[in-house]
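# A closer look at the structure
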Amino acid sequence: MNQETIAIHAGYDTKTGVGAMSVPIYSATAFDFGTAQTAANRFCLAELGPIYSRLTNPTLDILETRFATLDKGAAAISTSSGQAATFFALANLAQVGDNVIVAKKIYGGSSTLITHTMKRFGINARLFDSDNADELESLIDENTRAIFFESLSNPQIAIPDIEKITKIAKKHKIVTIADNTVATPVLFEAFKHGVDVTLYSATKYIGGQGNVMGGMIVSSKELNSLLVNNPRYPHFNEPDESYHGLVYGTLAANFDIFTLRIRLSLMRDIGATLSPSSAYGLIQGLETLSIRMQKHCQNAQKIAEFLNTHPKVKSVNYPGLKNDPFYDKAQRYLKDGLASGLISFDLSSKEAATRVINSTKLFSIVVNIGDTKSLITHPASTTHSQLSEEELEKVGVGAGSIRLSIGIEDANDLIEDLKQALDNA
Ligand code: PLP
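Residues numbered from 1 in each chain as written. Predicted model: local features only at pLDDT ≥ 70, side-chain atom pairs only at ≥ 80, totals over all residues. Heavy atoms only, no water.

What counts here: UniProt positions are given in the numbering used here, feature names are shortened, and annotations may be inferred rather than shown by experiment.
Going by the annotation in an unreviewed UniProt entry, the name recorded for the chain is O-acetylhomoserine aminocarboxypropyltransferase/cysteine synthase, with Campylobacter californiensis given as the source organism. Here is the UniProt Sequence similarities (unreviewed entry) comment for the chain, exactly as written: "Belongs to the trans-sulfuration enzymes family." Per UniProt, the comment on the chain under Cofactor (unreviewed entry) is "pyridoxal 5'-phosphate".

What follows is the structure, given as structure tokens:
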């Protein structure tokens, strides 16, 4: 099946239950096992089925099955937000004394989570320049547990040297994690390029209308074989004391052990679970993801071309532009070279950026991306404000940088709005 069909049909058969055409919202905390034996069987995984909604829920199951199929992965697990997805994906691989290697150009919230909060848990981050990944191999040691990057970074809209990164990771048997939020499975098929885990802020393009928070983690079909008997990942290959001595690696023939361990251990203990009504919202979003992405990309391309020739704009980052440093990578990695809906551009100063932001009429001043409505942000004073000046420089966010998330309105109306706003720059 093609992605557009999967996004509408996978994981739910309207001929089951009462035949509801829209996926039912199972708004229940817990599920009646019927017999004590069934209860025991579900807990020891001899039988699969709902237990308690912190762990599993039929509405979430449908979303997860549909999303894993769409992303061409083995299995998916949803989370209450993108941040929770990032934390779970990394905490499933690393623990105190370990390190993770992280691209410099990533979302500000991921950066604070990984480099500051996770450091307090004893997990150290080592930063690498993902534009070329030349220094990556020298940062790896026996305690390295993951390599993390964004396939299209927010807000720089940079594209890493993905195949170089995954090749180095494979040589050292290390799991690669790509935050595929901005590209989505529609534009970037991560597993085809050797990535092991994808994750998403589903809050963005997946939901698509700025009304649901959520996250997704997806494992590749090859991930089980990378984890089993790999000395880098002892907790997949030794008894889990917290789950009556279960060895995840021994279940690899029947389960995706990466998402299983998140569910049985991290989700059980930390509980950043998606709500069934949010899962329903994301299922609605998935149905139109493909057509929305086409329109976001078409609009962004036109707007980037307009900004690229505007005399007050110093530079524009959009990999759909032929003069963009990531144009070749966009052609290589992204479907039809389409570069999603984010654009960043630089004006001469913070003051000029502020005047332009305050003068737009159709763009809302919002720290979100991936909405049907167009959004405008000043990253240095908002999404990336927790970073020091030095850190901002490292991640390529300047004082005069503006980020746009282009919606699906009429492109000419958006251009007219930016034109009048730029008169005030
Ligand atoms: N990853 C990226 C690329 C993001 O842009 C964001 C949020 O902006 C996140 C992760 C975090 O997602 P959430 O806000 O759903 O927690």
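### Some details on the packing of helix H3 (residues 58-70) against helix H11 (residues 276-308)
Threshold: Interaxial angle, 0 to 180 degrees, is taken between N-to-C directions of lines fitted to C-alpha atoms, where a helix line uses only the stretch in contact. Secondary structure elements are taken from DSSP: a helix is a run of H or I of four residues or more, a strand is a run of E of two residues or more, and numbering for both begins at the N terminus. Orientation categories follow fixed angle ranges, with anything under 35 degrees roughly parallel, anything over 145 roughly antiparallel, 65 to 115 roughly perpendicular, and all other angles oblique. Helix crossings fall into two classes, left-handed where the near helix is turned counterclockwise from the far one by less than a right angle and right-handed where it is turned clockwise. By the convention used here, residues are in contact when the closest approach between their heavy atoms is within 4.5 Å. Residue classes follow a fixed rule: Ala, Val, Leu, Ile, Met, Phe, Trp, Tyr, Cys and Pro count as nonpolar, while Asp, Glu, Lys and Arg count as charged, and any other residue, Gly among them, counts as polar.
Relative orientation of the contacting elements H3 and H11 amounts to 30°, with a least axis distance of 9 Å. The angle between H3 and H11 falls in the class roughly parallel. In terms of crossing hand, the pair formed by H3 and H11 is left-handed. Of the residues in H11, those in contact with Thr59, Leu60, Ile62, Leu63, Arg66, Phe67 and Leu70 of H3 are Pro276, Ala279, Tyr280, Leu282, Ile283, Leu286, Glu287 and Leu289. Residues belonging to the contact of H3 with H11 are distributed by class as follows: 12 nonpolar, one polar and two charged.

### Section: the pairing of strand E6 (residues 197-201)
Applied cut-off: Relative accessibility decides the category of a residue: with a 1.4 Å probe and only protein chains considered, values under 20% of the type maximum give buried, values over 50% give exposed, and everything between is partly exposed. The rule for pairing is simple: two strands pair if DSSP sees at least two bridges between them.
Most of E6 sits out of view: five of its five residues are buried. Residues Val197, Leu199 and Ser201 of E6 are buried on one face, and the alternating residues Thr198 and Tyr200, pointing to the opposite face, are buried as well. In this sheet, E6 lies alongside strand E5 (residues 175-179) in parallel orientation, the contact comprising three bridges. Paired with aspartate 179 across the strands is leucine 199, a residue of E6. Bridging between E6 and strand E7 (residues 215-219) involves five bridges; their strand directions are antiparallel. Looking at E7, one finds that leucine 199 is bridged to isoleucine 217.

### Comments concerning helix H4 (residues 82-91)
For an α-helix, the turn length of 3.6 residues means that residues three or four places apart are oriented alike. Of all 10 residues that make up H4, nine are buried, and the element is covered over most of its length. For H4, the set of buried residues is Gly82, Ala84, Ala85, Thr86, Phe87, Phe88, Ala89, Leu90 and Ala91.

### With respect to the packing of H4 against helix H5 (residues 108-120)
Close contact between H4 and H5 brings their axes to 10 Å; oriented N to C, the two are set at 45°. Comparing their axes, H5 and H4 come out oblique. Handedness of the crossing formed by H4 with H5: right-handed. Here Gln83, Thr86, Phe87, Leu90 and Ala91 of H4 come into contact with H5, specifically with Gly109, Ser110, Leu113, Ile114 and Met118. A class-by-class count of the residues in the contact of H4 with H5 yields six nonpolar, four polar and no charged.

### Observations concerning the nonpolar core
Worth spelling out the cut-off: What we call a nonpolar core is a set of buried Ala, Val, Leu, Ile, Met, Phe, Trp, Tyr and Cys residues that are connected through their side-chain atoms within 4.5 Å. For the domains described, the bounds stem from an automatic or database domain assignment.
Ranked by size, the top nonpolar core spans 129 residues in total, and within it Ile177, Ile217, Phe258, Leu307, Ile343 and Leu404 carry the most contacts. Here this core takes 12 residues from H11, the largest share from any one element. Residue assignment places this core across two domains, with domain 1 (3-284) and domain 2 (290-424) each supplying three or more. Excluding residues within four positions of it along the chain, leucine 404 makes contact with Ile303, Leu307, Gly341, Leu342, Ile343, Phe345, Phe363, Leu375, Ile376 and Leu418. Of all hydrophobic cores here, the second largest spans five residues; its members include Ala380, Leu387, Leu392 and Val395.

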